[in-house]
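# What the coordinates show
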Amino acid sequence: MGEPPSLSGLSRFFSEAPWVQEALVVIWLEHFRAEMQPLVEAEREQQRQQQPKRRGRPKQPLVTGYVIGDDSTMSKPKGRKMQGLGKHHSTTYDQRIVGHSLVQGLYVLLDRTCPLAPRLYRQESVCEAEQVPFHSKIELIEALIREFEPVAGTQTHMLLDSWYCAKCVWHTARERDFLITTGMKSNRWLRVSDDTVAQGWRWQKVSEYAAGLSEQDFQLVSWPRGSKKVYVHVVKTSVRKLYRCQVVIVRHSLTAPLAQTRNWASSDLEADAEGLLAHIAVRWDIEI
């Protein structure tokens with residue numbers, strides 16, 4: 001008679017059974033794509049039926065799937081012989097701790113989620129000790145974007161925090177015809193109009209630009225998840241060392257300190273303020 005399921009039995013299986021994690025990843029992604037394909041086709045057909053009758057070729061319906069990337073530190077206080085151990089900053093402990101740093105991805109499509117294979121980040125000193133090639137977190141995210149295969153008939157939208165707001169990451173996403181929205185730190189520079197200079201524009205820090213906005217420059221919009229409302233300012237411009245994009249500035253209160261302002265950059269040049277917030281709000285799924 002077989003033993004009932006237990007944590008120790010599962011641990012023995014993972015440590016002793018002849019399974020290959022790369023093959024397991026391929027299987028679960030194939031299963032997710034096969035499961036989602038008819039749902040995507042049904043959604044596209046519904047969009048076709050809802051399109052207004054107009055002259056000319058109808059717009060091809062697309063379903064947006066989000067790939068959310070982030071890194072997380074896993075505490076390993078008793079780890080001694082584990083590969084890849086290093087000292088990484090942990091937001092949970094608010095200090096550097098011994099553990100693993102994983103660059104993770106989550107595929108969100110039609111309210112269904114599928115985790116992508118996590119990628120272990122090793123510091124250069126750890127790579128030298130273990131004699132393995134070094135890859136930065138930026139390079140790991142780039143590899144995730146290059147290798148990801150979406151469900152057919154969908155538009156992929158990358159969602160990343162400000163750590164990955166780099167031109168090389170945006171370039172990789174654009175090469176795949178993916179949209180991308182990233183957090184953006186306030187010390188980045190955006191292009192603003194200025195008639196006092198010959199070229200008609202100049203660079204200005206995001207923090208300075210936000211400080212110069214008036215109440216009339218913001219619109220009160222409902223946050224996509226929950227009942228709260230936020231003040232949003234959107235400007236279509238260029239960001240230095242990036243591309244042309246929409247800069248999104250969000251404040252929970254116009255009387256709150258400017259340090260609490262949140263900033264994003266999005267390559268979706270067609271979305272309005274509500275649409276941009278909808279993109280941004282999806283990123284919370286990976287935090288969960």
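Preceding this section is the structure that the text describes.
Along each chain, the written sequence defines residue order, and numbers are assigned to residues from 1. In keeping with the model being predicted, local features are shown solely for residues with a pLDDT of at least 70 and side-chain atom pairs are shown and tallied solely at 80 or more, while totals for entire chains, interfaces and linings include all residues. To obtain the side-chain values, all non-hydrogen atoms of the structure were included, while hydrogens and water were left out.

### Digging into the pairing of strand E12 (residues 244–251)
For E12, a buried count of seven out of eight residues is recorded, marking the element as mostly surrounded by other parts of the structure. For two strands to be treated as a pair, DSSP must find at least two bridges joining them. Here a strand is any run of E in DSSP of at least two residues, a helix any run of H or I of at least four, and the numbering for each starts at the N terminus. Between strand E11 (residues 229–238) and E12, which pair antiparallel one after the other, the connecting turn spans five residues, and Lys241 there sits at a positive phi close to 60°. Relative accessibility under 20% of the residue-type maximum defines a buried residue, over 50% an exposed one, and the middle range a partly exposed one, all with a 1.4 Å probe and only protein chains included.

### Thoughts on the side chain of Ser238
Considering the arrangement of structural elements, one finds Ser238 in strand E11. Residue Ser238 is classed as buried on the basis of its relative accessible area, which comes to 18%.

### With respect to the layout of surface pockets
Each pocket or cavity is described by its volume, and for the largest pocket that value is around 740 Å³. Lining the largest pocket are 21 residues, and of these Gln21, Val25, Ala117, Pro118 and Arg119 sit closest to its centre. Of all elements in the fold, only helix H2 (21–50), strand E5 (119–121) and helix H4 (137–147) reach the threshold of two or more residues within the lining of the largest pocket. With eight residues, H2 is the single largest residue contributor to the lining of the largest pocket. Using only the protein atoms, space was sampled on a 1 Å grid; points where a 1.4 Å probe fits but cannot get out form cavities, open sets with protein on both sides within 12 Å along at least five of seven lines form pockets, and lining residues are those with an atom within 4 Å of a point. Grid points are joined across faces, edges and corners, and a volume is the space filled by probe spheres set on the points.

### Here's the deal with the pattern of salt bridges
Take a side-chain nitrogen of Lys or Arg and a carboxyl oxygen of Asp or Glu: if they are within 4 Å of each other, that pair is a salt bridge. Taken as a whole and assessed by the stated rule, the structure comprises ten salt bridges. For Arg48, the salt bridge is made with Glu45, and the minimal N-O distance between the two is 3.2 Å. Of the two residues, Arg48 and Glu45 are both situated in helix H2; the distance of three residues between them amounts to about one turn of the helix. One salt bridge connects Glu130 with Arg122, and the closest N-O pair in it is separated by 2.7 Å. Salt bridges sharing partners connect three or more residues here, namely Asp70, Asp161 and Arg283.

### Some details on helix H7 (residues 273–282)
Since the α-helix advances by 3.6 residues per turn, residues separated by three or four positions end up pointing in the same direction. Taking burial as the measure, the ten residues of H7 include seven buried ones, the bulk of the element. Where H7 is concerned, the buried positions are Ala273, Leu276, Leu277, His279, Ile280, Ala281 and Val282.

### Here's the deal with empty space enclosed by the protein
Within the structure shown, the criterion is met by one cavity of 30 Å³ or more. Taken as a whole, the largest cavity holds about 30 Å³ of empty space. Lining the largest cavity, in full, are Arg251, His252, Ser253, Ala256, Pro257, Gln260 and Thr261. Among the residues making up the lining of the largest cavity, the classes are represented as two nonpolar, four polar and one charged. For this scheme, ten residues count as nonpolar: Ala, Val, Leu, Ile, Met, Phe, Trp, Tyr, Cys and Pro. Four count as charged, namely Asp, Glu, Lys and Arg, and the remainder, Gly too, count as polar.

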